[in-house]
Structures are given as structure tokens and as C-alpha cells.
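Here is how the chains run, residue by residue.
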Amino acid sequence: MGKVIVVTSGKGGVGKTTSTAALGAALAQRNEKTVVVDFDVGLRNLDLVMGAERRVVYDLINVVQGDAKLPQALIRDKRLETLFLLPASQTRDKDALTTEGVERVVNDLRRHFDWIICDSPAGIERGATLAMRHADMAVVVTNPEVSSVRDSDRIIGLLDSKTEKAERGERIEKHLLLTRYDATRAERGDMLKVDDVLEILSIPLLGIIPESMDVLRASNIGAPVTLADSRSAPAMAYFDAARRLAGETLPVTIPGEKRGLFGKIFGRRAA
Ligand SMILES: Nc1ncnc2c1ncn2[C@@H]1O[C@H](COP(=O)(O)OP(=O)(O)OP(=O)(O)O)[C@@H](O)[C@H]1O
Ligand SMILES: [Mg+2]
């Protein structure tokens, strides 16, 4: 049975879709069968970032409503045999996604894939709660700034109350992915420090992704950054995050700093 992960944030534009594509591709690059699912009905961005927009025929809503079978809607990635996309619809009514329909599709995906990565819409409304509902794990995408951290905190509250796991009295596993981290701005004090974000949100750190033009370049050519330029700084940070998702333990490095978090803490003690 596959693992269902929701990529969520509350605040818009923090890097959920970018991270869904990059983590999905990174897991598929490890030879694990992965599907990225676009829950952002109406905006439909994930197919663009994946470079599959011209191949969309059926979408999540078609499958939820029974107008198409799952294999008809799944798009296999051109570059990776193990990577698939279940796109969202651009035009249809958001309310077309029913709780029962989504549950059926997610359970179906669980049987066919190792990883099911769900790209959540922004906000804390129905679309976001539907995307998180059946998740085993959540990746909370946060930028190092106050409004993003505050919205992530609200999302953590929803994850602990509105998911199936929460209803069963279980805790959903939550991981923080700090994205668009700019070392120069952090040094100037224009951004929250990593430690501050960790202290406020108090969930384990999955990784820190640097602010980088490589992300924009990748999205312009319709490729997840881990496929577009696998040796770029954001790609390497996403590869490490994917390894941690898969259960490996490795130290987190802060982009732009040579020492890792462990080194930093140790260095401070030694000073
Ligand atoms: N590490 C990064 N460095 C530079 N730009 C980035 C980075 N991550 C994301 N971006 C850019 O930020 C913008 C928003 O990213 P993205 O669409 O992934 O966010 P989102 O959270 O999915 O947004 P929405 O809430 O609208 O769905 C995009 O233009 C993307 O290219
Ligand atoms: Mg998005």
C-alpha cells in the first residue's frame, strides 16, 4: 500500500506546486512508483510545472465523478517511467470533488503506487481540507516570513483535527519544508531565522530549499527542478528532503552556510 502525502501551506505562492513536482520526481528517480495529484481545481498548475499541459484529457474530477477510469486520466512522465500525474480541471466547479469520490480515488491510487503526493490549493477552505483528508503524512511548506509561518500554524491545527487520521484519534506525521530561503536576506535580518520558524511550528524539519533562479528556469521548461538540473542547489535540497521522507536520517544544511544545523549548534556551544 502506498503512502499518501499532502503538500500544504495555508498561504498561497510559497512553493507547494514546485515542491510537489520536485519531491514527486525525486522519489520517482529513486525508482519508486510515484503519482503527483493536483487538488488545485480551477488553477491547474501542476501539469504546467510537470510539462504535461498539452496531454491532459481527463482529470481528477472526471475520475471522481466516474466519467473516466483512473488509467485514462493518469499521464506518464515523458522522462521517467516511474512518475505519473493526475491533473486537475481548469474550468469545472470546485464543489464537484466529493468526499466519498476523493476517498475512492485515493484508495485506488494507494493500491497502484508507492507514493501519492497531493498538491493542495492555498487557503484553509474545503479544497485544502479535501486534499489533506486521507493523508498519512503532511509536508508543510513555509517561507521564512511571519505571514507564512502563521498560516502554516493554522494548517497544522487543521491537520490535527480535520483529517481521517485525526478522526481515528491518531496523529498525522507532519514535516516542515522551509522554501525560498535566502541566505543574504536572512543574514541581514530581513527574514525569520530557521531556529525561530522551528520554535514556532515545532514540527520536524524535512529540508531547507534555497531561493534560486534554477526553480524558475525549471518551471519555464516544464520540468521538476530535480530533473531539469539535478546538480543545482534547490534540486540537491529536494533530493535530500525526499530521502528523509523515505525514512533516511541525514543532517540538514542551511543553504549558503557551509556547516549543517548540527555543526551550527555545536559551533555555538564551542564558542
Ligand atoms: N526555491 C524557489 N526559488 C525561487 N522561486 C521559487 C522557489 N520555489 C517556488 N518559487 C516560485 O514561486 C512561485 C510560487 O510557487 P508555487 O506555484 O510552487 O507556489 P504554490 O504554493 O503552489 O502557489 P499557490 O498557492 O498559488 O498554489 C512560482 O513562480 C515559483 O517558480
Ligand atoms: Mg500551487
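Now for a look at the structure at hand. (Residues numbered from 1 in each chain as written. Chains lettered and ligands numbered in written order. Predicted model: local features only at pLDDT ≥ 70, side-chain atom pairs only at ≥ 80, totals over all residues. Heavy atoms only, no water.)

**Examining the site of ligand 1**
- Residues in contact with ligand 1 amount to 16 residues; listed here are only the nearest, Lys 16, Thr 17, Thr 18, Arg 180 and Ser 212.
- Side-chain polar atom of Lys 16 to an oxygen atom of ligand 1: 2.8 Å apart, as the coordinates give it.
- Separating an oxygen atom of ligand 1 from a side-chain N or O atom of Thr 18 is a distance of 2.6 Å.
- Computed on the free molecule, ligand 1 has an accessible area of 630 Å², of which 82% lies beneath the protein chains in the complex.
- At the level of secondary structure, the elements contributing two or more residues to the shell around ligand 1 comprise helix 1 (16–29), strand 8 (205–210) and helix 11 (213–220).
- In terms of residues, the shell around ligand 1 owes the most to one element, helix 1, which gives 3 residues. (Near = heavy atom within 4 Å. Polar contact = N/O pair within 3.5 Å; in protein donor to acceptor, adjacent residues only side chain to side chain. Areas by Shrake-Rupley, 256 points an atom, 1.4 Å probe, with all protein chains shown as cover. Helix = DSSP H or I, 4+ residues; strand = E, 2+ residues; numbered from the N terminus.)

**Side note on the packing of helix 1 against helix 13 (residues 233–245)**
- Where helix 1 meets helix 13, the closest approach of the two axes is 9 Å, and the angle between their N-to-C directions is 70°. What the angle tells us is that helix 1 and helix 13 run roughly perpendicular. Seen from above, helix 1 lies across helix 13 with right-handed handedness. Residues Thr 18, Ser 19, Ala 22, Leu 23, Ala 26, Leu 27 and Gln 29 of helix 1 lie in contact with helix 13, whose contacting residues are Tyr 238, Phe 239, Ala 241, Ala 242 and Leu 245.
- Considering only residue class, the contact of helix 1 with helix 13 consists of 9 nonpolar, 3 polar and no charged. (Axes fitted to C-alpha atoms, helices over the stretch in contact; angles between N-to-C directions. Parallel < 35°, antiparallel > 145°, perpendicular 65-115°, else oblique. Left-handed = near helix turned anticlockwise from the far one by under 90°. Contact = heavy atoms within 4.5 Å. Nonpolar A, V, L, I, M, F, W, Y, C, P; charged D, E, K, R; others polar.)

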